[in-house]
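Observations on chain architecture
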Amino acid sequence: MELYWIEWYSNDMSRAVKGVAAKRSYDSTKRQAQARSTRAAIRDAATLLFLDRGYAATTIQAIADEAGVAPQTVYAAFKTKFAVLKEALEVSIVGDDEPIPLMERDDILSIYAEPDQHERARMQARAIREIQQRAAPMSLVARDAAAADPEVAAFWALGKEQRRMGMAEAARGLAGDDGLRIPVDEAADVLWVIFSPDVFMQFTRDKGWSVERYEAWVRDTLERTMLP
């Protein structure tokens, strides 16, 4: 009888401990989801304000009001306005807040895996159109802010260097085994220009081109000027 009671007590305690652990895990997951949702709301609100007012004129209070949270919540999530800008731009480039670098994402990797060079050019044109459609406006906000804010300036300089490396990689990927009409280093410089947010905005905002027309222009430019 005593052994039966001990066994029952042990099993019951085991179930109780597992129940507490499961509840704690659920609570933790729920809190993480809520924190991520709040962070996204703050980031989205800040993006709207940065695009409308610029970086300097956007305050933490304004971001909090737009997101429907207290300023302390913004500080708790991001610490600084610069951190909000940094994440807003990074998310606009890759398209979500998953911690996966752009060059390691499936849609980019698929370009380099494509054996047909002309199809790679078309895929690059489509990818850059999608990226600039999301990121070009925020890129120009960061560029303008860099002129007056040292912290943003350092971030912008790092971003330029990373983009330069990305263009070199894109040129090598476009060349593949077939090669290009021009040296790969020169191709990287050309991509630096035609893939830039400035060119995208000049065509689509200033000249009224559709994003589809911009994509077709990029594709045609790659095929006519670079491919054998």
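Residues numbered from 1 in each chain as written. Predicted model: local features only at pLDDT ≥ 70, side-chain atom pairs only at ≥ 80, totals over all residues. Heavy atoms only, no water.

Digging into the overall build of the protein
The cut-off we apply is this: We count a stretch as a helix when DSSP gives it H or I for four or more residues in a row; a strand needs E for two or more, and each element gets its number in order from the N terminus. The criterion used for residue contact is that any of the two residues' heavy atoms lie within 4.5 Å. Computed with the Shrake-Rupley method and a 1.4 Å probe, the accessible areas treat only the protein chains shown as cover for residues.
When helices and strands are counted, the protein shows ten helices and zero strands. Helices and strands in the protein line up, N terminus first, as α-α-α-α-α-α-α-α-α-α. Long-range contacts, defined here as pairs at least 24 residues apart, represent 65% of the contacts in the protein between residues at least 6 apart. Accessible surface for the protein amounts to roughly 13,400 Å². Of this, 55% is attributable to carbon and sulfur atoms.

A word on the packing of helix α4 (residues 81-94) against helix α6 (residues 117-146)
Test applied: In this analysis an axis means a line fitted to C-alpha atoms, helices contributing only their contacting stretch, and an angle means the value between N-to-C directions, from 0 to 180 degrees. Should an angle lie under 35 degrees it is considered roughly parallel, over 145 roughly antiparallel, and from 65 to 115 roughly perpendicular; all remaining angles are considered oblique. The crossing is said to be left-handed when, going from far helix to near helix, the turn is anticlockwise and less than a right angle, and right-handed when the turn is clockwise. Under the convention adopted here, Pro, Cys and the residues Ala, Val, Leu, Ile, Met, Phe, Trp and Tyr are nonpolar, Asp, Glu, Lys and Arg are charged, and Gly plus all remaining residues are polar.
The N-to-C vectors of α4 and α6 enclose an angle of 155 degrees; their axes lie 7 Å apart at closest approach. Taken as axis vectors, α4 and α6 run roughly antiparallel relative to one another. Viewed along their axes, α4 and α6 form a crossing whose handedness is left-handed. When α4 is examined against α6, the residues Leu 85, Ala 88, Leu 89, Ser 92, Ile 93 and Val 94 are found in contact with a partner set consisting of Ile 131, Arg 134, Ala 135, Met 138, Ser 139, Val 141 and Ala 142. Residues that form the contact of α4 with α6 fall into these classes: ten nonpolar, two polar and one charged.

A look at the environment of Leu 140
Mapped onto the elements of the fold, Leu 140 is located in helix α6. Distance from Leu 140 to Pro 197, taken between C-alpha atoms, is 7.4 Å for residues 57 residues apart in sequence. Leave out the neighbours within four places in its chain, and Leu 140 touches Pro 197, Asp 198, Met 201 and Arg 205.

Section: the side chain of Arg 120
Selection rule: Exposure categories follow from relative accessible area, calculated using a 1.4 Å probe and restricted to protein chains: below 20% of the type maximum is buried, above 50% is exposed, and the middle band is partly exposed.
Relative to the helices and strands, Arg 120 resides in helix α6. Judged by relative accessible area, Arg 120 falls into the buried class, the value being 3%. Sequence-distant contacts of Arg 120, that is, excluding residues within four places in its chain, are made with Ile 111, Glu 114, Pro 115, Gly 173, Leu 174, Ala 175, Gly 176 and Asp 178.

Considerations on the packing of helix α2 (residues 60-67) against helix α3 (residues 71-78)
The interhelical angle for the contact between α2 and α3, taken along N-to-C directions, is 105 degrees, at an axis separation of 8 Å. When the axes of α2 and α3 are compared, the pair comes out roughly perpendicular. Residues Ile 60, Gln 61, Ile 63 and Ala 64 of α2 form the contact with α3, whose own contacting residues are Pro 71, Val 74 and Tyr 75.

Observations regarding the packing of aromatic side chains
The cut-off we apply is this: Centres within 6.5 Å make a pair out of two Phe, Tyr or Trp rings, where for Trp the six-membered ring is used; the pair is then stacked when the planes are under 30 degrees apart, edge-to-face when over 60, and tilted otherwise. Here, a charge over a ring is recorded when the distance from Lys NZ or Arg CZ to the ring centre is within 6 Å and its angle to the ring normal is within 35 degrees.
One pass over the full model with this rule turns up six aromatic pairs. Ring geometry for Phe 50 and Tyr 55: centres 5.6 Å apart, planes at 45 degrees, overall tilted. Across the ring face of Phe 78, the terminal group of Arg 39 is positioned such that the distance to the ring centre comes to 4.0 Å. The ring centre of Tyr 55 lies 4.3 Å from the NZ or CZ of Lys 81, which sits over that ring.

Some details on the side chain of Ser 139
Within the fold, Ser 139 resides in helix α6. A residue is classified by how much of its surface remains accessible, and Ser 139, at 8% relative accessible area, is buried. Among residues more than four places away in sequence, those in contact with Ser 139 are Leu 89, Trp 156 and Pro 197.

Details of the nonpolar core
Put simply, the rule is: To form a nonpolar core, buried Ala, Val, Leu, Ile, Met, Phe, Trp, Tyr and Cys residues must be joined to one another through side-chain atoms within 4.5 Å.
Core analysis: the biggest nonpolar cluster contains 29 residues, and Leu 191, Phe 195, Tyr 214, Leu 222 and Met 226 have the highest contact counts within it. Put simply, the parts of the chain that give this core at least two residues each are α6, α7 (150-175), α8 (184-194), α9 (197-206) and α10 (211-225). Once residues within four sequence positions are removed from consideration, Met 226 is found in contact with Leu 174, Leu 180, Arg 181, Ile 182, Ala 187, Val 190, Leu 191 and Thr 221. Formed by 25 residues, the second largest nonpolar core is a distinct cluster that contains Ala 45, Phe 78, Leu 85 and Val 152.

Observations concerning the environment of Arg 164
Looking at the element boundaries, Arg 164 is found in helix α7. Here the alpha-carbon distance between Arg 164 and Leu 191, two residues 27 residues apart in the chain, equals 9.2 Å.

Here we look at the confidence of the model for the protein
As a reminder, the rule being used: Each residue gets a pLDDT score, which is the predictor's confidence in that residue and runs from 0 to 100.
Counting all residues, the mean pLDDT for the protein is 91, and 88% of those residues have values of 70 or more. Predicted confidence is poor over residues 1-10, with pLDDT under 50, and the contacts of this stretch with residues over four places away or in other chains come to zero contacts.

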